[in-house]
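Chain and residue survey
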Number of protein chains: 2
Amino acid sequence: MNGREKGLAEGILYTDFYQLTMAQLYFRAGLHEKPVQFEYFFRNYPAYDSHQAGYCIHAGLEWLVNWMCQVRVTSKETEYLRQQTGRGGKPLFQDDFLEWLEDQGDFSRLSLQAVPEGRVVHPNVPLAVVNGPCAMAQILESSLLNHLNYQTLIATKASRIRDASSGGLVIDFGMRRGQGLGANAGARAALIGGARFSSNTGLSSVMGVPPKGTHAHSMVQAFMALGQGELGAFRAYAAVYPDDCLLLVDTIDTLGSGVPNAITVFRELRKKGHQPFGIRLDSGDLAYLSIQAAKMLDDAGFPDTTIVLSNKLDELVIWQIVSQIRKESPRYGIDPEKLISRLAYGVGTRLITSQGDAALDGVYKLTAVQDQGEWVPAIKLSESIGKIINPGDKGVWRVYDQREEATADLICRGDEDPRKESSLTLCHPTDPSVRRTVPRERISSLEPLLVDVLKEGNLVYEFPSLEQIRKRRDADLARLDSGVKRLINPHRYHISLSRRLWELKEKLIQEQRSSK
Amino acid sequence: MNGREKGLAEGILYTDFYQLTMAQLYFRAGLHEKPVQFEYFFRNYPAYDSHQAGYCIHAGLEWLVNWMCQVRVTSKETEYLRQQTGRGGKPLFQDDFLEWLEDQGDFSRLSLQAVPEGRVVHPNVPLAVVNGPCAMAQILESSLLNHLNYQTLIATKASRIRDASSGGLVIDFGMRRGQGLGANAGARAALIGGARFSSNTGLSSVMGVPPKGTHAHSMVQAFMALGQGELGAFRAYAAVYPDDCLLLVDTIDTLGSGVPNAITVFRELRKKGHQPFGIRLDSGDLAYLSIQAAKMLDDAGFPDTTIVLSNKLDELVIWQIVSQIRKESPRYGIDPEKLISRLAYGVGTRLITSQGDAALDGVYKLTAVQDQGEWVPAIKLSESIGKIINPGDKGVWRVYDQREEATADLICRGDEDPRKESSLTLCHPTDPSVRRTVPRERISSLEPLLVDVLKEGNLVYEFPSLEQIRKRRDADLARLDSGVKRLINPHRYHISLSRRLWELKEKLIQEQRSSK
C-alpha cells in the first residue's frame, strides 16, 4: 500500500461497510443526531480446547482512543463513497448525506466510559460504553471491536502463561506468526498481560520496554558453512556481547555439542572477567533438556546462568515442564526450585494467536435511545436467554468480601448506587431462581469499574503507563480467588444483576414478545 | 501511537531484536556484506482439529515487497538502538556499526525470487528465496515471515470455504475479530483465496473491490426502541436502498417476525417497481431456517431473492448446511440446487483467524553462504529428518502428468534443468527407500515456480491485479487432483527431491554428524 492507500485503509473507513449504509439510513430517517448508547462486552471467556480462562485482562483502550481522536471523514473518503453503486448501477450514497458526513464525520461528539486497561474483567459486564449521535456511534463499532477484542484476548493469554511460569520471565516472540501489523497490537497486549519483554523491536520502542532476544540458528549455520563450526559462532557472539552472552545450543545436538561448546565459551568469558548470561533450548524435550543442561552448567561452575526455553510453548506446556522438573530433577541432584527460578520462556505462536481460541467474542450492542429527552432502553431478543442483552444505561460495581477478595461484579441500572443500600441482592443473570442477598457488613467495599475517558470527544482521562497498568493487573489478580485463576476447569466468578435491572429486563422481554 | 511512534513500529524496526544484534555480530566478524541465501517455506499444511488442508494458496508477496521498498534505517532508528544497553549498563551497539547501518540499512542490495500470489503451494517447497548481503538478509526475516505466513494461511482458509460453498458467494466479515490492523492483511488474503467481497471498507477500496454488507441488529433495535418496530426498520431501509434491500431477519424471531416483515416490505418494493434483494439469517439452525425462509419467500413470489447466512461459519459448517439442504429440502417442496444457488455466506471469525490452526509454520532458513566466490550450501541438523532443511541454491518445478494435472513439485539444485532430462527421478524427501522414475513422455510439462521479483533491490516484476491472481488460483486449482482438495483427510500431494539434491543433503548430513 502506498501512503494514500494506507490512509484510507487505516482511517475512518477502517470499518464494516454496513456501518456507513446504516449511517445514511439514520440520516435519511432523521435519526443520525439522536443520542444513543452502545455497550461493549464479551459473552464468554476464551476456551482453549481442554482448558479455559476464568478471567480476562482488559486491554486495547489507549490505542482505540488514539485512533478515534486521529481519524475523520475527509474528501478522500466521501469521494470513495460517492463511487459506490448499488445493484442497479445508481450511487448508494447521496450528496446531502456525504456533505453531512464530511462535515460531522468524526468522533468529537462521542463520550466514552471504559474499564481501565490491565483490570481483571468478566463476561457480560460492560467494558466500554459509548454515548452520542447515532450515526457516528454506529460507524465506531467495527474498529472498537477490532481494537478491544484482540488485545483483551492476548493480555489474557499472557497472564495465564505468566501464571504457569512460576515466576519465570516471559518474553513475547510472536511477531512472525501474528496477523500482519496486528503483531504490534499483540505484543502490546502481551506486555500488558504478562510478558515482561518482547522481541518486537519497533513496538518495544513505542512501549518504552527494552526489546529482547538471543540469536538464530542461521548465525551458527553461517559459521558452520564457513568452516568455523558452532564453537566459532559462539566465540564470535561472546566477543561482541561478552556481558550478554546467551547462546542457542540446539543447531546441531543440544547436549552433545551445544551445551559443551557454550561451557567452553563461558569459561573463556569468565577468564576475561565477564559473567556469562545463559543458553537457549529451542527443540526437543525441554523439561529433560533443562535438567541435563542445568546439571552440565552447574558441574562446570555456572549455576547462575539463565536457561531460556522456546518452541511451541503455551501455559499448559510450561506448566507441564515446571511440574516435570519438580518431579524429576532431584533424581539428577538438581534443586528443582533453583532450576525453575533460572528459567525464562520465549513464547511466540501460541501467545500471539491465543492458541486454542483465536478470537474473543466481544460485541457492541445498542442499549438505549434518547427519545423526546428521555432515555428508552433497547433490547435484542434471542432464543437463548444468555444472549439477550442487558438493557439501558448501567453501572458496574465490583463487590469485595471481608477478605478483600473480589466476590462478584454487579451490573446495576445507571442511577443505582449500591453503596447506599443496606443489603445487596445479587440476581443470577439468566436463572430467576438463583439470587442471594448479602448484608452490607459482609461487604468490605464496592468499587465502580467504569471511568470517564472521553466527554464529547474531549479526553478527560490520563492514560496510565505500562508499569501502572501492570500494577493494576497485579492488584486485581491478588484479589481474585485462586480457584478462578486455575488454568483448567476454573471456578466460575459471579456476575450478577441488581434486582432493578433484572426487573427492567424481564419487563422489556415480555413487552417485545407480546408485541411482535 | 502518534505518527513518529507508528513510523518506528512499522518501519525497519518491525523485526525481532535478535536480527539487529546478529547484524552487528556479522559486522564485527566482517561477514555483514557476505552474500548469503535464505529461503522461505512452510513445513506443514494447516491442520484444523478434525480436518486439514491438502494444499495452500500463496499470498502476501506484494505487501512484503512494498514494505521492503519503503523502509530503511534512519537516524531515528539508530538513535533508538544507541540507547539500548546490555546487562552491565553498557551500550549494546557501537557507533561504527550504527554508522554502517544508517548508511546501508535498507533492502536495496537484496534479490528476491518468489512463487506468485494465488498459486497453489505445498510444504517444504521454497516459496521465496532471498539473496544478498548477510546482515540485511538477516534483518528481513521477521517481517518476511510476518507478511507471508499469515496471508497464505488466510488465502488457504478462504479457498476451502469457497470450495465448501458449492458456488455460493463468500464475503469476508472478519474485521472485528482480526488482530488489530492485521484485519487488513486478512481481508486481502481472503479476497485472494476465495472471498468475492469483504465488509472491510478501507481495505476494499485499496483492493479495488466494492465493499459489501447488510445491516446490523442495532438498526432494528433503534427503531423498536422508538416504537416503530422491526417492520418500521425494514421500511426505512427499503426507502433508502430500494434496489439493494437485504434485510437482517433474526432480531426478534426469524420465521415468526423477520421473514414475514421482510415479505411485506418486498411486496411494497415490488409495487413501486423495485426488485427486492434478499434476507440475512444470523442465528439459529441455518440449514433449517434457510429451507423454511426459502419456502416462505417462494410462496410469496420472491424465489430469486438471495439468502445470506452468517454466524460462526467455516468450511465444515457450510459443507454441513449444503449437505443438509440437499437431503431435506425436497421434503418441503424446495429444489435443493436452486436453494443452494441463492445462498451467500458472510464468514467472519473463523476465516480471519483460520479457526483450528491460527498460524502457518513458515520458516526462513539459511541455505547457502558465498565464500571466496563459491556458494557453500548450509544445513541445519535436527533430530527429526523431516526438519532438516534442503541445503543450497535450488529450483522448484511443477510436474504435470498427461491429463495436465499437477502430479508433484520437484525441488532440484539450482543448476539443474529437469526439462533436459530423458526421465525424472523423484525422491521422497525423507525416506530414501521411496523414489520413482518417471519417463519424460509421461510428463506433459515441467513448469518453474519461482519468478524474479527484486534484483538487487530493483523491482523487476509486475504485480498482478487481484483478478489476475484469482485467475491463476483457479487455473492451479483446476489442475489439482480432487483428492488433494478434499476438506477432510486429503490425499497427500507429492513433494520430491531430485536425485542430485538428495545426494547433496545426505553428504552434508554425514559431514556435520561426523564433525560435531
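What counts and what doesn't
- Residues numbered from 1 in each chain as written.
- Chains lettered and ligands numbered in written order.
- Predicted model: local features only at pLDDT ≥ 70, side-chain atom pairs only at ≥ 80, totals over all residues.
- Helix = DSSP H or I, 4+ residues; strand = E, 2+ residues; numbered from the N terminus.
- Buried ≥ 20, exposed ≤ 12 C-beta atoms within 10 Å, placed from the backbone.
- Contact = placed C-beta atoms within 7 Å.
- Least-squares fit on C-alpha atoms with pLDDT ≥ 70 in both.
- Pairing = 2+ DSSP bridges.
- Core = buried A, V, L, I, M, F, W, Y, C linked by C-beta atoms within 7 Å.
- Axes fitted to C-alpha atoms, helices over the stretch in contact; angles between N-to-C directions.
- Parallel < 35°, antiparallel > 145°, perpendicular 65-115°, else oblique.
- Left-handed = near helix turned anticlockwise from the far one by under 90°.
- Nonpolar A, V, L, I, M, F, W, Y, C, P; charged D, E, K, R; others polar.
- Expected span 1.5 Å × (residues − 1).
- pLDDT = per-residue confidence, 0-100.

Our next topic: the overall build of chain A. Of the regular secondary structure elements, chain A holds 17 helices and 23 strands. Based on the C-alpha atoms only, the size of chain A along its principal axes is roughly 80 × 60 × 40 Å. Burial analysis of chain A (516 residues in total) assigns 57% to the buried set. Intrachain contacts of chain A at a sequence separation of at least 6 include 72% that bridge at least 24 residues.

Here we come to unusual backbone geometry. Residues and elements named next belong to chain A. Positive phi, close to 70°, is recorded for Asn-124, a residue that is not glycine. Within the chain, Lys-312 stands out as a residue other than glycine whose phi angle is a positive 55°. With respect to the helices and strands, the residue Lys-312 is situated in the loop between strand 12 (306–310) and helix 13 (315–328). For Lys-312, a count of 14 C-beta atoms within 10 Å gives the class partly exposed.

All right, on to the relation of the copies chain B and chain A then. You can overlay chain B on chain A at an RMSD of 0.0 Å; the transform is a turn of 180° with a shift of 0.0 Å along its axis. What the superposition gives is, in effect, a two-fold axis relating one chain to the other. Distance from the rotation axis, computed per C-alpha, reaches its smallest value in chain B at Gly182(B): 2.1 Å. Taken as a fraction of all interface residues of chain B, those also at the interface in chain A reach 100%, which identifies the copy contact as same-surface.

Residues and elements named next belong to chain A. In spatial order, the strands read 9-8-13-12-11-10; together these six strands make up an open sheet with parallel pairing. Of all strands in the sheet, those bounded by a partner on one side alone are strand 9 (197–198) and strand 10 (246–248). Examined bridge by bridge, strand 8 (residues 169–172) and strand 13 (residues 343–347) share four bridges and lie parallel to one another. Counterpart to Leu-169 in the pairing with strand 13 is Ala-344.

What follows deals with the nonpolar core. By size, the foremost hydrophobic cluster in this structure holds 342 residues, and its most contacted members are Ala222(A), Tyr237(A), Leu247(A), Ala222(B), Tyr237(B) and Leu247(B). Excluding anything up to four places from it in sequence, Ala222(A) contacts Leu31(B), Val36(B), Cys134(B), Leu366(B), Val369(B) and Ala378(B).

Next up on the list: the environment of Leu247(A). Residue and element names in this part refer to chain A. The residue Leu-247 is located in strand 10 in this model. The class of Leu-247 is buried, set by 29 C-beta atoms lying within 10 Å. The contact partners of Leu-247, leaving out residues within four places of it in the chain, are Phe-234, Tyr-237, Ala-262, Val-265 and Ile-279.

For any two helices packed against each other, the geometry comes down to the angle between their axes and how far apart the axes lie. Residues and elements named next belong to chain B. Following both chains from N to C, one finds helix 4 (residues 75–82) and helix 5 (residues 95–104) inclined at 160°, their axes separated by 9 Å at the closest point. Our classification of the angle between helix 4 and helix 5 gives roughly antiparallel. The two elements helix 4 and helix 5 meet at a crossing, and its hand is right-handed. Of helix 5, the residues touching helix 4 (which contributes Ser-75, Thr-78, Leu-81 and Arg-82) are Leu-98, Leu-101 and Glu-102.

It is worth spelling out the packing of helix 9 (residues 217–225) of chain B against helix 10 (residues 229–240) of chain B at this point. Residues and elements named next belong to chain B. Where helix 9 meets helix 10, the axes come as close as 8 Å, and the angle between the chain directions of the two elements is 120°. One element, helix 9, and the other, helix 10, form an angle in the oblique class. Where helix 9 crosses over helix 10, the two elements pack in a sense that is right-handed. Contacts from Met-219, Val-220, Phe-223 and Met-224 of helix 9 reach helix 10 at Gly-229, Glu-230, Gly-232, Ala-233 and Ala-236. Taken together, the residues of the contact of helix 9 with helix 10 sort by class into six nonpolar, two polar and one charged.

This paragraph deals with the environment of Ser444(A). Residue and element names in this part refer to chain A. Checked against the element boundaries, Ser-444 lands in strand 20 (residues 443–448). The class of Ser-444 is partly exposed, set by 13 C-beta atoms lying within 10 Å. When neighbours within four sequence positions are excluded, Ser-444 is seen to be in contact with Tyr-400, Asp-401, Gln-402 and Glu-404.

This part is about the environment of Glu328(B). Residue and element names in this part refer to chain B. In this structure, Glu-328 sits in helix 13 (residues 315–328). When the 15 C-beta atoms within 10 Å are taken as the criterion, Glu-328 is described as partly exposed. Along the primary structure Glu-328 and Ile-291 are separated by 37 residues, whereas in three dimensions their C-alpha atoms are 8.3 Å apart.

Further remarks concern helix 7 (residues 182–193) of chain A. All names here are of chain A. For helix 7, built from 12 residues, the straight-helix expectation of 16 Å at 1.5 Å per residue is met to within 8% by its first-to-last C-alpha distance of 16 Å. Counting buried residues in helix 7 gives 12 out of 12 residues, a clear majority hidden from the surface. Turning to helix 7, its buried residues are Gly-182, Ala-183, Asn-184, Ala-185, Gly-186, Ala-187, Arg-188, Ala-189, Ala-190, Leu-191, Ile-192 and Gly-193.

Moving on: the pairing of strand 17 (residues 406–413) of chain A. Residue and element names in this part refer to chain A. The element strand 17 is extensively covered by neighbouring structure, given that eight of its eight residues are classed as buried. Alignment of strand 16 (residues 394–401) against strand 17, held across seven bridges, turns out to be antiparallel. Note on strand 17: the bridge partner recorded for Val-396 is Ile-411. Taking the residues that link successive antiparallel strands as the turn, the strand 16-strand 17 hairpin has four residues, and the phi of Glu-404 there is positive, at about 65°. Bridge count for strand 17 against strand 23 (residues 494–497) is four bridges, and the pairing is parallel. By the bridge assignment for strand 23, Asp-409 is matched with Ile-495.

Pairing is parallel in the open sheet, where six strands are placed in the order 9-8-13-12-11-10 (chain B). Looking at which strands have only one partner, the edges of the open sheet turn out to be strand 9 (197–198) and strand 10 (246–248) of chain B.

When pLDDT is averaged along chain A, the result is 95; 99% of the residues meet or exceed 70. Here the predicted complex scores 0.97 on pTM and 0.96 on ipTM.

Turning to helix 3 (residues 61–70) of chain A, a few remarks are in order. Residue and element names in this part refer to chain A. Judged by how many residues are buried, helix 3 sits mostly within the fold: seven of 10 residues are covered. Taken together, the buried positions of helix 3 are occupied by Leu-61, Glu-62, Trp-63, Leu-64, Val-65, Trp-67 and Met-68. Tucked inside the fold, the buried residues of helix 3 contact strand 5 (111–114), helix 6 (134–164), helix 7, strand 21 (451–455) and strand 22 (458–459).

Right, let's get into the pairing of strand 7 (residues 128–133) of chain B. All names here are of chain B. Among the six residues of strand 7, five are classified as buried, and the element is accordingly described as predominantly covered. With four bridges connecting them, strand 5 (residues 111–114) and strand 7 associate as antiparallel partners. Looking at strand 7, one finds that Ser-111 is bridged to Asn-131.

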